[in-house]
Amino acid sequence: MEPEKIMEGMSNELLATIKAMAKAKTVEEKVAYSQVVKNLSESMGVFLSLAETMMDEYDFEDD
């Protein structure tokens, strides 16, 4: 799968979850949504860190 599609998918899921969390009525629902937001955010962070590492290792400016 292409990295752009992965990031776009995670971003869309994150936005949808935040919108759903805003509509949640109970504390339990809000906690569940906040855990999903946290996990998606951390996953995006790992993905971006990997991309940064790869860009540093493969100096594309020299090509």
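You'll find the structure just up there.
Residues numbered from 1 in each chain as written. Predicted model: local features only at pLDDT ≥ 70, side-chain atom pairs only at ≥ 80, totals over all residues. Heavy atoms only, no water.

Draft legend 1. Main features of the environment of Ser49. Along the chain, Ser49 turns up in helix α2 (residues 27-57). Taking C-alpha positions, Ser49 is 22 Å from Ser34, a pair spaced 15 residues apart along the chain. (Helix = DSSP H or I, 4+ residues; strand = E, 2+ residues; numbered from the N terminus.)

Draft legend 2. Quick peek at α2. Over its 31 residues, α2 runs 45 Å from end to end, which matches the ideal 45 Å to within 8%, given 1.5 Å per residue. Listing the buried residues of α2 in full gives Val37, Leu40 and Met44. (Expected span 1.5 Å × (residues − 1). Buried < 20%, exposed > 50% of the residue type's maximum accessible area, 1.4 Å probe, protein only.)

Draft legend 3. Looking closely at the packing of helix α1 (residues 3-23) against α2. Axis separation between α1 and α2 bottoms out at 9 Å; the angle between their running directions is 160°. Compared by their axis directions, α1 and α2 come out roughly antiparallel. The crossing of α1 and α2 is left-handed. The residues of α2 that touch α1, namely those facing Pro3, Ile6, Met7, Met10, Ser11, Glu13, Leu14, Thr17, Ile18, Ala20 and Met21, are Lys30, Tyr33, Ser34, Val36, Val37, Leu40, Ser41, Ser43, Met44, Phe47 and Leu48. (Axes fitted to C-alpha atoms, helices over the stretch in contact; angles between N-to-C directions. Parallel < 35°, antiparallel > 145°, perpendicular 65-115°, else oblique. Left-handed = near helix turned anticlockwise from the far one by under 90°. Contact = heavy atoms within 4.5 Å.)

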